[in-house]
Amino acid sequence: MTRSEQVFAEAQNYIPGGVNSPVRAFQSVGSTPRMIARADGARMFDIDGREYVDFVGSWGPMILGHNHPAVREAVVKAAANGLSFGAATEIEVEVAKLICSMVPNVEMIRMVNSGTEAVMSAIRAARGFTKRNRIIKFAGCYHGHSDAMLVKAGSGVMTSGIPDSAGVPAACAADTLTAVYNDLASVEELFSQNKDEVAAVIVEPVAANMGVVEPAPGFLSGLRELCDKNGALLIFDEVITGFRLALGGAQEYYGVRADLVTFGKIIGAGMPVGAYAGRRDVMSMISPKGSVYQAGTLSGNPVAMAAGLTQLTILKETPAVYEKVNSLGDTFRAEMRKMAAETGAPVTVTGVGSLSCVFFTPNPVKNYTDAKTSDTALFAKYFLHMLDKGFYFAPSQFEAIFLSAAHTKEDLDAAVKTAREFFTA
Ligand code: KE4
């Protein structure tokens, strides 16, 4: 037994499923997690001394690579002043000003501690501002684990959502409606069935939780038009795309304005940080200024703010990071598509910028129904082959491949070569 296996076996006694977040358990790939000891640049090292090229990057925060020296030094320096005060600090204002200067249409921002909290709060703000209750989301998009987001589409005629998790009351799900990603007609239908009741549409501008599915041309701008026509707010959930697709995230990359934007991951550089942000008139609804309550003991934590401020400042001052990570993404997708064409591998490679996905289906993937045609058993075999050869991808077909400024062309070539070995074995 490896040490990872021993520790994971013990973990089962104390932590549900042995992990503090389900995807880490490696259940969908039929294996057990490698316990990670440390990470540096594009590399992670497990407690058995195994080295991996990391293509997860903690699910998005590590756009500069793990353990960036400037980020680490900022955290150590801030920690020396104390870990948390529960009081207003100057650095929170610096981070807020910086993000408002970097992201289009963001006039005000509130820090929270996770992407889930950011989305939950943005939805409450949208409901408070519009005085409407219903929310439209998309099948296959993930927005954290708040009750209103753990919802799936009701049966055909029913438009109300039904719980997608035990413990979510039907009443909490009823106001969440589910549309089809890249299908504006499905959104239009929900708006017409719920006239003047929809507070907001929430969307991952690039879907990255069903694998990676790009918005079809006109999809995001179509959502903007439908929201304007129906008096609803448009919420871009940029927990993954924010500060990754471009400095200004998907709003900049696609040129579509959102009313509210949620952030996580990159803005904390790996520390627990989330945020929701957007129009001043909407954000002014938030307590203590307005009537929408939202709070958090560790929101704007000074050590986490030091990490985020450092990483975001580096990104703002070195736009070459985006040229690098987006070009690495283009190269990875081109090389994997070439390998698939030459080997007949039954895969479809998708992605945009530094986000990619290898779907184990030969068919195009435009939405969640398409994504679910993937052969997850074959994916699991591929995943374990890559892992055993030292390449750490997300342990699920329905996740993303995250590249960073620390990855090299040689890393990508080695990964594609190893993938080729799998498909020609
Ligand atoms: P957190 O609460 O996990 O910080 O963020 C929730 C969230 C919200 N919105 C989007 C678009 C997200 O991708 C996420 C979280 N992403 C997953 C990765 N697919 C986090 C990994 C995990 O659950 O352990």
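Structure shown above.
Below, the structure is looked at part by part. (Residues numbered from 1 in each chain as written. Predicted model: local features only at pLDDT ≥ 70, side-chain atom pairs only at ≥ 80, totals over all residues. Heavy atoms only, no water.)

**Some words on unusual backbone geometry**
Here the residue pair S287 and P288 is connected by a cis peptide bond, since its omega of 5 degrees sits within 30 degrees of zero. With a phi angle near 70 degrees, W59 is a residue other than glycine that sits in the positive phi range. Among the structural elements, W59 can be located in the loop between strand 3 (51-54) and helix 2 (69-79). We note that A269 has phi near 55 degrees; this positive angle belongs to a residue other than glycine. By secondary structure assignment, the location of A269 is in the loop between strand 11 (260-263) and strand 12 (274-278). (Helix = DSSP H or I, 4+ residues; strand = E, 2+ residues; numbered from the N terminus.)

**Some remarks on the side chain of R333**
As for its position among the elements, R333 is in helix 11 (residues 320-343). Judged by relative accessible area, which is 3%, R333 ranks as buried. Looking at R333, its side chain comes within polar contact range of the main-chain oxygen of L355, at 3.1 Å. In terms of polar contacts, R333 uses its side chain to reach the side chain of S356, at 2.8 Å. (Buried < 20%, exposed > 50% of the residue type's maximum accessible area, 1.4 Å probe, protein only. Polar contact = N/O pair within 3.5 Å; in protein donor to acceptor, adjacent residues only side chain to side chain.)

**Points about the nonpolar core**
One finds I99, F138, F243 and F263 to be the most contacted residues of the largest nonpolar core, which totals 108 residues. Once residues lying within four places of it in the same chain are set aside, the contact partners of I99 are I109, M111, F243, F263, I267 and L312. Judged by nonpolar contacts, the second largest core, of 22 residues, contains I123, A125, M283 and M285. (Core = buried A, V, L, I, M, F, W, Y, C linked by side-chain atoms within 4.5 Å. Contact = heavy atoms within 4.5 Å.)

**Focus: the packing of aromatic side chains**
Under the criterion given, the structure shown has 18 aromatic pairs. Put simply, the rings of F26, Y52, F360, F379, Y382, F383, Y392, F422 and F423 pair up and form one aromatic cluster. (Phe/Tyr/Trp six-rings, centres within 6.5 Å; stacked < 30°, edge-to-face > 60°.)

**Focus on the sheet that holds strand 10 (residues 233-237)**
One open sheet holds the 7 strands; their spatial order is 4-12-11-10-9-5-8, and the pairing between them is mixed. The open sheet has two free edges, formed respectively by strand 4 (108-112) and strand 8 (176-179), since each of these has just one partner strand. Taken over all neighbouring pairs, the strand axes of this sheet differ in orientation by 20 degrees on average, direction set aside. Summarising the sheet, strand 5 (residues 134-138) and strand 9 (residues 198-203) pair through 3 bridges and their orientation is parallel. For I135, the partnering residue across the bridge sits in strand 9 and is A200. (Pairing = 2+ DSSP bridges. Axes fitted to C-alpha atoms, helices over the stretch in contact; angles between N-to-C directions.)

**Some thoughts on the site of the ligand**
Surrounding the ligand, one finds 16 residues, the nearest of these being S21, T116, N209, D237 and E399. Here a nitrogen atom of the ligand and a side-chain polar atom of N209 are 2.4 Å apart. A distance of 3.2 Å separates a nitrogen atom of the ligand from a polar side-chain atom of K265. In the complex, the protein chains occlude 85% of the 540 Å² of accessible area that the ligand would expose alone. For the shell around the ligand, a count of residues per class yields 5 nonpolar, 7 polar and 4 charged. (Near = heavy atom within 4 Å. Areas by Shrake-Rupley, 256 points an atom, 1.4 Å probe, with all protein chains shown as cover. Nonpolar A, V, L, I, M, F, W, Y, C, P; charged D, E, K, R; others polar.)

**Concerning the environment of I202**
Counting through the fold element by element, I202 comes out in strand 9. By relative accessible area, which is 0% here, I202 ends up buried. Non-local contacts of I202, meaning those with residues more than four positions away in its chain, are made with V119, I135, I136, K137, F138, H143, M149, I235 and D237.

**Description of helix 7 (residues 219-230)**
Its 12 residues place the ends of helix 7 16 Å apart at the C-alpha level, agreeing with the 16 Å of an ideal helix rising 1.5 Å per residue. The complete set of buried residues in helix 7 reads F219, L220, G222, L223, R224, L226, C227 and N230. Those residues of helix 7 that are buried are in contact with strand 5, helix 6 (184-193), strand 9, strand 10 and helix 8 (249-254). At the exit of helix 7 stands G231, carrying a positive phi of roughly 70 degrees. (Expected span 1.5 Å × (residues − 1).)

**A short note on helix 11**
Its 24 residues give helix 11 an end-to-end C-alpha distance of 34 Å, which sits within 8% of 34 Å, the value for a rise of 1.5 Å per residue. By the burial criterion, the buried members of helix 11 are V321, Y322, V325, N326, L328, G329, F332, R333, M336, M339 and A340. Next to the buried residues of helix 11 lie helix 10 (302-317), strand 13 (348-352), strand 14 (355-359), helix 13 (376-388), strand 16 (401-402) and helix 14 (409-424). G344 lies just past helix 11 and shows a positive phi near 75 degrees.

**With respect to the packing of helix 3 (residues 90-102) against helix 10**
Close contact between helix 3 and helix 10 brings their axes to 9 Å; oriented N to C, the two are set at 30 degrees. Classified by the angle between their axes, helix 3 and helix 10 sit roughly parallel to one another. The interaxial crossing formed by helix 3 with helix 10 has left-handed handedness. In contact with I91, E92, E94, V95, L98, I99, S101 and M102 of helix 3, helix 10 contributes P302, M305, A306, L309, L312, T313 and K316. Tallied by class, the residues present in the contact of helix 3 with helix 10 amount to 10 nonpolar, 2 polar and 3 charged. (Parallel < 35°, antiparallel > 145°, perpendicular 65-115°, else oblique. Left-handed = near helix turned anticlockwise from the far one by under 90°.)

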